[in-house]
Amino acid sequence: MPDPSNAQIAAAFDELGDLYELDGAIVHRVVAYRNAAKAVREAPVSIAALTREGKVTQLPGIGKTLEEKISALLETGTIPAAEKLRAKFPPGLVDMTRLPGVGPKRVRKLFDQLGIASLDALREAAEQQQLRDVKGFGPKFEETVLAAFAAGVAEKAAPRTLLHRATDMAAAIVDALQAHPSAGTVAVAGGVRRLTESVKDLDVIATSDDPAGLAGALGELDLVESCSVAGEAGARARTHTGMPIDLRVVAPDQLGNLLQHFTGSKAHNVRLREMAVRKGLHVSEYGVLDDATGTTHRCATEEEVYALLGLPWIAPELREDRGELDAGFIHPELVTQEDLRGDLHCHTIASDGRATIEGMAHAAQARGLEYLCITDHSATHGFGNDVPADELLRQVERVREVDASMDGFTLLIGTETNILPDGRPDYDDDVLAQLDWVVGSVHTQFQMGEAEMTKRIVAALEHPMIDCLGHPTGRLIERREGYTFDLDAVLDAARRTGSMLEINGNPNRRDLRETHARAAAQAGIPIVINSDAHGPETLDVTRWGVATARRAWLTKDDVVNTLPWRDFAPLRKRAR
DNA sequence: GCCGTTTTCGGCCCGACTGTTTTCAGTCG
């Protein structure tokens, strides 16, 4: 029996949280399970391995009891408490809590008194007006339930929108509201501001001398389908794509409080407020209440909010309770897109790209880059045109010619070679040796087991001609988990062999993901942020790679392609 | 269930909204 992955352990804790909640446990116990799930999910090391070493309680949020539960999961494949609770509460109960306005307490009551144990049974009971017979429930509740079914909420979890799309939408909304005559400051908060991988809604905050007018203006926007509760304090709306928008309007002297509150994350805010309480302060979106004086400090800026708590301003990307509120925290100087001088992963019409070598090179130069490496897909098929070895060698000549024709720009030739199932690249070494740079990527046989995949990637990293591992996990955000491998072993191999790891900027990938990138940088492994562009316009996607890097606490020093090529070149494995 | 310039027990963020309520519990963000 293979060890459960961190994701599986986290899921088990989330399930236990749900089950204990149905069982009527106090909220703090439930929260403890959910916090533990978050800690496990974000851990860059194997929780199973950590547990075997007896060190898992070092992870904040994991105590003696949860350690025992992980041990049981490792040894028997299951957790006794979960077995017991599953026998008590059918799985349909947790499904029911997905409906808005339907939480664990109400589900439990309906289960106990009417035996309702599934979404279907709930719908039927609502249709037959049976729910109102239970004390605490009425006709409105039946309506809410039926409306949720009618809206299709029951079928699937609320969709999440990838950051690049959410950012475009948010920008359009901010621009439109900013144009309103009453608008003062209009700003994006929430996950879009923190640059998370995906978001479930848009949070927009504003000041205005006509709050109701501004809130009304939101409902008039083309991309808004419907708008409800528009009033003095703001509005709730929904886009045609189904994304909820939350607009909050506040006086200018509270803008800092509101921005801090609505930027989140929830975990950051909870931790921040707990720290505040210990200092006799109470933080909310309206101000900071001081117990000692009974006065509420209103803050026009976030800096003032943090300063009242004795903290430096913290970049939104770091606000995840991943150490940014710990004693001794020193704010890192986060890498920016302007820091990037080169891009070492892009495609042309030679494989599946849309532009020529010249097209890509001039586009990169126009964007202010100093160097670009052409890395078309390799000899094994699957991505547009194959590039057999002789074709790649002709591509070397073409790139050298274009490079010679360019002023103040270095054009490089490489490849994105497929890492074959046994870990070898799909060109011969003497071909790879004629290139400036080689990205190795896994594009096939994702299904192989963890041990085999680890062996495959480690073998690739040990290859003297593979300089960098491309999109290391193969995940697609919200769509595909990516293949599983032992991260510790891969990081160890990268460090040992002098290989670099990529943060792929494609907004669907952002791979390495932030927790892995942070672990890699801490291990001293050089990180490269690449676009993987297939056309001139997608060269800009490095901004999403930078977003991931910033969320991983990376500085300019952690990212190698912030260096000019003359300083980058000697760091390549092939040059060492 | 976790955690400790509250350290082995007694706390554990803050506020809004909703519906069913005679004063509040449940849900949500």
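Below you will find a few notes about this structure. (Residues numbered from 1 in each chain as written. Chains lettered and ligands numbered in written order. Predicted model: local features only at pLDDT ≥ 70, side-chain atom pairs only at ≥ 80, totals over all residues. Heavy atoms only, no water.)

A look at the overall build of chain A
In terms of helices and strands, chain A carries 23 helices and 17 strands. For a compact globule of 576 residues, the expected C-alpha radius of gyration is about 25 Å, and chain A comes in at 27 Å, within 12% of that figure. Projecting the C-alpha coordinates of chain A onto the three principal axes gives extents of approximately 80 × 65 × 50 Å. When each of the 576 residues of chain A is scored for burial, the buried share is 53%. Of the contacts made within chain A by residues no fewer than 6 positions apart, 67% connect residues no fewer than 24 positions apart. (Helix = DSSP H or I, 4+ residues; strand = E, 2+ residues; numbered from the N terminus. Rg over C-alpha atoms; globule rule 2.2 N^0.38 Å. Buried < 20%, exposed > 50% of the residue type's maximum accessible area, 1.4 Å probe, protein only. Contact = heavy atoms within 4.5 Å.)

Examining the nonpolar core
Grouped together as the largest cluster of nonpolar side chains are 61 residues, with contacts concentrated most on Leu372, Ile374, Leu411, Ile457 and Leu501. Not counting residues within four places of it along the chain, the set of residues in contact with Leu411 comprises Ile357, Ala361, Leu372, Ile374, Val399, Arg400, Val402 and Asp403. If you look at the next biggest cluster of nonpolar residues, it comprises 51 residues, including Leu19, Ile116, Leu119 and Ala154. (Core = buried A, V, L, I, M, F, W, Y, C linked by side-chain atoms within 4.5 Å.)

Overview of the side chain of Asp343
Looking at the secondary structure, you find Asp343 in strand β11 (residues 342-343). Despite its burial, Asp343 remains without a salt bridge, the nearest opposite charge being carried by Arg367 at 8.4 Å. Ignoring anything within four residues of it in the chain, the contact list for Asp343 reads Leu369, Tyr371, Leu372, Cys373, Asn530, Ser531, Leu539 and Thr542. (Lys, Arg positive; Asp, Glu negative; His and termini not counted. Salt bridge = Lys/Arg side-chain N within 4 Å of Asp/Glu carboxyl O.)

Side note on the sheet that holds strand β8 (residues 281-284)
Read across the open sheet, the 3 strands follow the order β8-β9-β10; overall the sheet is antiparallel. In the strand order of this sheet, the two ends are held by β8 and β10 (296-297), each with one partner. Note that strand β9 (residues 287-290) and β10 share 2 bridges and pair antiparallel. Note on β10: the bridge partner recorded for Val288 is His297. (Pairing = 2+ DSSP bridges.)

A word on the protein's contact with DNA strand B
Close to DNA strand B lie 38 residues; Gly61, Gly63, Gly103, Gly138 and His282 are nearest. Contact between DNA strand B and Arg106: a phosphate oxygen at 3.0 Å from a main-chain N or O atom of the residue. One of the side-chain N or O atoms of Tyr286 is found 3.4 Å from a phosphate oxygen in DNA strand B. Breaking the surface near DNA strand B down by element, the ones donating at least two residues are α2 (27-42), α4 (64-76), α7 (104-114), α9 (139-150), α14 (266-278) and β8. A total of 6 residues in the surface near DNA strand B trace back to one element, the largest contributor, which is α14. When grouped by side-chain class, the residues that make up the surface near DNA strand B number 18 nonpolar, 10 polar and 10 charged. (Near = heavy atom within 4 Å. Polar contact = N/O pair within 3.5 Å; in protein donor to acceptor, adjacent residues only side chain to side chain. Nonpolar A, V, L, I, M, F, W, Y, C, P; charged D, E, K, R; others polar.)

With respect to the environment of Val188
Here Val188 lies in strand β2 (residues 183-188). For the pair Val188 and Ile466, spaced 278 residues apart in sequence, the C-alpha separation works out to 41 Å. In this view, Val188 contacts Ala170, Val174, Arg193, Asp203 and Leu259; residues no more than four positions away in its chain are not counted.

With respect to α4
For α4, spanning 13 residues, the distance from its first C-alpha to its last is 18 Å, which sits close to the expected 18 Å at 1.5 Å a residue. When we look at burial in α4, the residues that qualify are Leu66, Glu67, Lys69, Ile70, Ala72, Leu73 and Leu74. Next to the buried residues of α4 lie α1 (6-22), α2, α3 (47-52) and α5 (80-88). Downstream of α4 by one or two residues, Gly77 has phi in the positive range, about 85°. (Expected span 1.5 Å × (residues − 1).)

A few points about the sheet that holds strand β16 (residues 500-504)
Sheet architecture is open: 7 strands sit in the order β11-β12-β13-β14-β15-β16-β17, paired in parallel fashion. At either margin of the open sheet sits one strand with a lone partner, and together these are β11 and β17 (527-530). Sheet topology note: the strand β14 (residues 437-441)/strand β15 (residues 468-469) ladder contains 2 bridges and is parallel. Residue Gly440 lies in a different strand from β15, and its bridge partner there is Leu469.

Concerning the pattern of salt bridges
By the definition in use, this model includes 40 salt bridges. A salt bridge links Arg86 to Glu15, with the shortest nitrogen-to-oxygen separation between them at 2.7 Å. One end of the pair, Arg86, is in helix α5; the other, Glu15, is in helix α1, and 71 residues separate them in sequence. Assessed through its relative accessible area of 37%, Arg86 is described here as partly exposed. Given a relative accessible area of 28%, Glu15 falls into the partly exposed group.

Here's the deal with the packing of aromatic side chains
The full count for this structure, using the stated rule, is 11 aromatic pairs. For the pair Tyr371 and Trp565, a centre-to-centre distance of 5.5 Å together with 55° between the ring planes defines the contact as tilted. Linking Tyr371 in strand β12 (residues 371-374) with Trp565 in helix α23 (residues 565-568), this pair joins segments that are 194 residues apart in sequence. Of the two residues, Tyr371 and Trp565, neither departs from the other in class, the shared state being buried. Taken together through their ring pairs, the aromatic side chains of Tyr371, Trp437, Trp565 and Phe568 make up a single cluster. Its end group placed over the ring of Tyr20, Arg29 keeps NZ or CZ at 4.0 Å from the ring centre. Over the ring of Trp553 we find Arg518, and its NZ or CZ is 3.9 Å from the ring centre. (Phe/Tyr/Trp six-rings, centres within 6.5 Å; stacked < 30°, edge-to-face > 60°. Lys NZ or Arg CZ within 6 Å of the ring centre and 35° of its normal.)

Brief notes about the packing of α1 against α2
Two elements in contact, α1 and α2, have axes separated by 8 Å at closest approach and are oriented at 170°. Taken as axis vectors, α1 and α2 run roughly antiparallel relative to one another. Packed against α1, whose contacting residues are Asn6, Ile9, Ala10, Ala11, Phe13, Asp14, Leu16, Gly17, Asp18, Tyr20 and Glu21, the element α2 presents Arg29, Val30, Tyr33, Arg34, Ala36, Ala37, Val40 and Arg41 at the interface. (Axes fitted to C-alpha atoms, helices over the stretch in contact; angles between N-to-C directions. Parallel < 35°, antiparallel > 145°, perpendicular 65-115°, else oblique.)

Some details on the environment of Cys346
On the secondary structure map, Cys346 appears in the loop between β11 and α16 (357-366). Taking relative accessible area as the criterion, Cys346 reaches 0% and is therefore assigned buried. Spatially, the C-alpha atoms of Cys346 and Ser531 are 6.6 Å apart, while their sequence positions differ by 185 residues. Once residues within four sequence positions are removed from consideration, Cys346 is found in contact with Met360, Leu372, Cys373, Ile374, Thr375, Asp376, Asp532 and Ala533.

What to know about α16
Those residues of α16 lying buried are Ile357, Met360, Ala361, Ala363 and Ala364. Angular distribution of buried residues about the axis of α16 spans 165°; they occupy a single face of the element. Looking at the buried side of α16, the elements it contacts are β12, α17 (389-405) and β13 (410-418). (Arc of directions from axis to C-beta.)

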